[in-house]
Amino acid sequence: DGNFINILNNLRNNTVSAGDVQVLNVHYQANIPVSESEGVITLTTHNYKADEMNHHALGALPGQVHHFGADTDGDFPESMYPVLERIALKEGAQVMFVKNDPEKAYFNGKLARVEEVNERGITVRMYEGAGDKLAHTTYKLKRETWENKRYVVNAATKEQEEQLLGTFEQYPIKLAWAITVHKSQGLTFSKAIIDV
């Protein structure tokens, strides 16, 4: 859509016109009806804002909070953690996957809703398409492992070798009623609240 691309370029270049705003406002909806709030995500500017919104939304859900801790081994600095070290969930929580599944069950940015959570694990129902309808089937989450690697040159062979320094194992999800605009880049949502 050439018109939309022009509006995006004007936003990027800080040259937005009244006409650009008028075109965007055609899509503005002040309040999303409860019947349409399923799968809606808020895009915001800072992690602390997204974290605050997610914490508030989780607290508003009925039921017990379940916590899942990460397992780290070796050298895996906290600054490299791909998800929270301790994930808090309730049934009904909206989550986003932060890793691609080799078996293609999910991908980075895929939204889901927690259907069941207990000490045995987490079962989710994926949002279909761009995030507006829930799938009929559920999926039992598996913990994933991220690796901290270093590459060194072997003095004898002069070849580059991989050295595993440490690992981080956790469920590959984060709460996702809100995420940052930065995290949303490259993702598609059919319904979003944009708080910039």
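Scroll up a little and you will see the structure.
Throughout what follows, the structure given in this document is the object of discussion. (Residues numbered from 1 in each chain as written. Predicted model: local features only at pLDDT ≥ 70, side-chain atom pairs only at ≥ 80, totals over all residues. Heavy atoms only, no water.)

### Remarks on the side chain of Thr123
Within the secondary structure layout, Thr123 lies in strand 7 (residues 121-128). With residues near it in sequence (within four places) discarded, Thr123 still touches Arg113, Val114, Glu115, Glu116, Thr138, Tyr139 and Lys140. (Helix = DSSP H or I, 4+ residues; strand = E, 2+ residues; numbered from the N terminus. Contact = heavy atoms within 4.5 Å.)

### What about the packing of aromatic side chains?
Under the counting rule described, the total for this entry stands at 7 aromatic pairs. A ring pair is formed by Phe97 and Tyr106, whose centres lie 4.1 Å apart and whose planes are at 15°; its orientation type is stacked. For the pair Phe97 and Tyr106, a shared accessibility class is recorded, and that class is buried. Pairwise contacts between aromatic rings join Phe76, Tyr81, Trp146 and Phe168 into one cluster. Positioned above the aromatic ring of Trp146, the side-chain terminus of Lys99 is 4.7 Å from the ring centre. (Phe/Tyr/Trp six-rings, centres within 6.5 Å; stacked < 30°, edge-to-face > 60°. Buried < 20%, exposed > 50% of the residue type's maximum accessible area, 1.4 Å probe, protein only. Lys NZ or Arg CZ within 6 Å of the ring centre and 35° of its normal.)

### Comments concerning helix 1 (residues 2-12)
Here helix 1 starts with a cap whose side-chain oxygen sits 3.0 Å from the backbone nitrogen of Asn3, and that cap is Asp1. Once helix 1 ends, the next one or two residues include Asn14, with phi positive near 55°. (Polar contact = N/O pair within 3.5 Å; in protein donor to acceptor, adjacent residues only side chain to side chain.)

### A look at the pairing of strand 2 (residues 66-69)
With burial as the criterion, only one face of strand 2 is covered, namely that bearing His66 and Phe68; the residues His67 and Gly69 on the opposite face remain uncovered. Inspection of the sheet shows strand 2 paired to strand 4 (residues 86-89) by 4 bridges, in the antiparallel sense. Directly across from Phe68, in strand 4, lies its bridge partner Ile87. (Pairing = 2+ DSSP bridges.)

### Comments concerning the sheet that holds strand 13 (residues 192-195)
Taken together, the 3 strands give an open sheet; going across it, the order is 12-1-13, and neighbouring strands pair in parallel fashion. With one partner strand each, in any of the chains shown, strand 12 (178-180) and strand 13 form the two edges of the open sheet. Here the strands of the sheet are splayed against their neighbours by 25° on average, with no regard to which way each runs. Summarising the sheet, strand 1 (residues 41-44) and strand 13 pair through 4 bridges and their orientation is parallel. Bridge pairing in strand 13 places Thr44 opposite Asp195. Strands strand 1, strand 12 and strand 13 of the sheet are contacted by helix 3 (residues 47-60), whose axis makes an angle of about 170° with strand 12. (Axes fitted to C-alpha atoms, helices over the stretch in contact; angles between N-to-C directions.)

### Here's the deal with the sheet that holds strand 8 (residues 133-140)
Across the sheet, 5 strands lie side by side as 8-7-6-5-11; this open sheet has antiparallel pairing. The sheet terminates laterally at strand 8 and strand 11 (173-175), the two strands that pair on one side only. Each neighbouring strand pair of the sheet contributes to a mean axis angle of 40°, computed without reference to strand direction. Pairing of strand 7 with strand 8, which is carried by 5 bridges, proceeds in the antiparallel orientation. Across the sheet, residue Thr123 finds its bridge partner in strand 8, namely Lys140.

### What to know about a nonpolar patch on the surface
On the surface, a nonpolar cluster with roughly 440 Å² of combined accessible area is contributed by Phe4, Leu8, Leu11, Val16, Val21 and Leu24. When residues of the nonpolar patch are traced back to their parent elements, those giving at least two are helix 1 and helix 2 (18-25). When residues of the nonpolar patch are assigned to their parent elements, the largest contribution, 3 residues, is made by helix 1. Along the chain, Val16 falls in the loop between helix 1 and helix 2. Among the residues examined, Val16 registers a relative accessible area of 35% and is labelled partly exposed. (Patch = residues over 30% accessible without salt bridge, like charges linked within 9 Å, V, L, I, M, F, W, Y side chains within 5 Å. Areas by Shrake-Rupley, 256 points an atom, 1.4 Å probe, with all protein chains shown as cover. Salt bridge = Lys/Arg side-chain N within 4 Å of Asp/Glu carboxyl O.)

### Thoughts on unusual backbone geometry
One non-glycine residue, Asn14, adopts positive backbone phi at about 55°. As for its placement among the helices and strands, Asn14 is situated in the loop between helix 1 and helix 2.

### Here we look at the nonpolar core
Counting residues in hydrophobic clusters, the biggest one holds 29 residues, and the most contacted among them are Leu89, Ile122, Val124 and Ile173. When contributions to this core are tallied by element, the ones reaching two or more residues are helix 3, strand 4, strand 5 (94-97), strand 6 (111-118), strand 7 and strand 11. Look past the residues within four positions of Ile173 in its chain and what remains in contact with it is Val83, Ile87, Leu89, Val95, Met96, Phe97, Val98, Ile122 and Leu141. Tyr127, Ala176, Ile179 and Phe189 belong to the second-largest nonpolar core, a separate cluster that totals 8 residues. (Core = buried A, V, L, I, M, F, W, Y, C linked by side-chain atoms within 4.5 Å.)

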